[in-house]
Amino acid sequence: MPPPDPEAATMMAVVTTGTGGYDTLRIDRVPVPRPAAGEVLLRVLAAGVNNTEINTRLGWYSASVTTGTQGAADAGADLREDGGWNAATPFPLIQGTDCCGEIVAVGQGVDAARIGSRVLVRACMRPHGFDAPDTLWLGSDFDGAFAQFCTVPATEAFAVTCDWSDAELATIPCAYGTAENMIQRAGIAAGNRVLIAGASGGVGSAAVQLVKRRGAQVIAVASPAKHDVVRSIGADHLIDRDADPVAALGQESIDVVIDTVGGAGFGARLDVLRRRGTYVSSGAIAGPLVTLDLRTMYLKDLTLIGCTGWDAPVFPSLVSYIETDEIRPLLDRTYPLDRIVEAQRDFQAKRHVGKIVLIPPA
């Protein structure tokens, strides 16, 4: 299929008009973007659904929000100027952080031989290089993959050679990138004992696989109905998400805690860490405000790491794991792009394991 003529073509897109409920998600026809110098135009083949899109729509990143994601959804969302990932979200916005796409056109300075390549987009971009802390996120800071086409810097589009489906590839960028970044920052290695909270979610299930491939022992926290699936992807031991981890595992029994949950269980996750253990977090879906006993932190010489910006090796490592068959996708279900409300409702119900993916019309 030839690339669209941006001068004449329009595309289907989900346009988020502001912070609020599902009524802010508008299915619309908008112009096909044009690749600027150094960019590529992608036909979006599949786009994963993530917590971050819901959080951004709700304005959850605002300091005024003190509940978890579901609590914010239940309470409703007024306009929150500080509710974006980095700063004020540039509404109206096409969200979509996970993108599997095909390069169909290139901007000035980009090799035209790249046209036709199937690629994954590195969602976390470092506009001033990896030595600077600044980040730009696809679908949060600029238009993303909840559309038929999107443009990204050519350096952020990674060709992938594998037999995975488009939807399977779309499970990877945000969840696996976030998990791999936490694992690399924490220095997890063979022989470590690692507790993963929220192990059935996108990031958690990715972390189970990525920790296991390093030869570490995985203790996964998930609801009992999901234990079999989480065990099948590498968990060595499962505990109920409502159980007390100290009672289940014992004091000072864990080397590293990987946490995307936060909330009331935070303190117990520090209690199970050994002296000089590491706690690493990239989210707080159960609630951002926690109680920290500083004595636990300093008397045990703990290291607490917050992870957002991906380091340079993270995404190339993921591509290599895919191409060498070291990880596998955990795709729960797909929806057509125009059923995004249904997809996000099901996502928030948390009955799935792994990822939910949207498929734009061809």
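Reading the values: rules and limits
Along every chain, residues carry numbers that run from 1 in the direction the sequence is written. Since the coordinates come from a predicted model, pLDDT governs what is reported: local features require at least 70, and pairs of side-chain atoms require 80 or more to be given and counted, while whole-chain, interface and lining totals use all residues. To obtain the side-chain values, all non-hydrogen atoms of the structure were included, while hydrogens and water were left out. Ring pairs are drawn from Phe, Tyr and Trp, using the six-membered ring of Trp, whenever the two centres fall within 6.5 Å, and their geometry is named by plane angle: stacked under 30 degrees, edge-to-face over 60, tilted for the rest. Each helix is a run of DSSP H or I of at least 4 residues and each strand a run of E of at least 2, with the numbering of both proceeding from the N terminus. Classification of residues uses two cut-offs on accessible area relative to the type maximum, computed with a 1.4 Å probe and protein chains only: under 20% is buried, over 50% is exposed, and between them is partly exposed. Here, a charge over a ring is recorded when the distance from Lys NZ or Arg CZ to the ring centre is within 6 Å and its angle to the ring normal is within 35 degrees. By definition in these notes, contact holds between two residues if any of their heavy atoms fall within 4.5 Å. Each pair of strands is called paired provided DSSP finds at least two bridges between the two strands. Salt-bridge detection follows one rule: a side-chain nitrogen of Lys or Arg within 4 Å of a carboxyl oxygen of Asp or Glu.

A. Broad picture of the packing of aromatic side chains. According to the stated counting rule, one finds five aromatic pairs in the structure shown. Pairing tryptophan 137 with tryptophan 310 gives two aromatic rings, centres 5.4 Å apart and planes at 80°, and the pair type is edge-to-face. Highlighted residues: tryptophan 137 in strand S8 (residues 136–137) and tryptophan 310 in the loop between strand S16 (303–306) and helix H10 (314–323), separated in sequence by 173 residues. For the pair tryptophan 137 and tryptophan 310, a shared accessibility class is recorded, and that class is buried. Taking the centre distance of 5.1 Å and the plane angle of 70° together, the rings of phenylalanine 158 and phenylalanine 315 count as edge-to-face. Pair noted here: phenylalanine 158 is in strand S10 (residues 157–159) and phenylalanine 315 is in helix H10, with a separation of 157 residues, a long-range link. Taking relative accessible area as the criterion, phenylalanine 158 reaches 17% and is therefore assigned buried. An aromatic cluster of three or more residues is present, and its members are Trp137, Phe158, Trp310 and Phe315. Here the basic side chain of arginine 213 rests over the ring of tyrosine 321, its NZ or CZ set 3.9 Å away from the ring centre.

B. Molecular detail of the environment of leucine 273. Among the secondary structure elements, leucine 273 is positioned in strand S15 (residues 273–281). Along the chain, leucine 273 and alanine 235 lie 38 residues apart, while their C-alpha atoms are 18 Å from each other. When residues no more than four places from it in sequence are discounted, the contact partners of leucine 273 are Glu252, Ile254, Asp255, Val256, Val257, Thr278, Tyr279, Lys300 and Leu302.

C. Representation of the sheet that holds strand S2 (residues 25–31) in the model. Read from one edge to the other, the open sheet built from three strands follows the order S2-S1-S4, with strand pairing classed as antiparallel. Looking at which strands have only one partner, the edges of the open sheet turn out to be S2 and strand S4 (93–94). The pairing of strand S1 (residues 10–16) with S4 spans two bridges and is antiparallel. By the bridge assignment for S4, valine 15 is matched with isoleucine 94.

D. Here's a closer look at helix H11 (residues 340–349). Along H11, the residues classified as buried are Ile340, Ala343, Gln344, Asp346, Phe347 and Gln348. Elements in contact with the buried residues of H11: S1, S2, helix H1 (51–58), helix H2 (69–75), strand S17 (331–336) and strand S18 (355–359). Once H11 ends, the next one or two residues include lysine 350, with phi positive near 60°.

E. Representation of the pattern of salt bridges in the model. A full pass over the atoms with the stated rule returns 17 salt bridges. Between glutamate 180 and arginine 214 there is a salt bridge whose closest N-O contact spans 2.7 Å. Of this pair, glutamate 180 sits in helix H4 (residues 173–186) while arginine 214 sits in the loop between helix H5 (202–212) and strand S12 (217–222), placing them 34 residues apart in sequence. Comparing glutamate 180 with arginine 214, the two get one shared label, buried. Notably, a salt bridge pairs lysine 212 with aspartate 236, separated by 2.6 Å at the nearest N-O pair.

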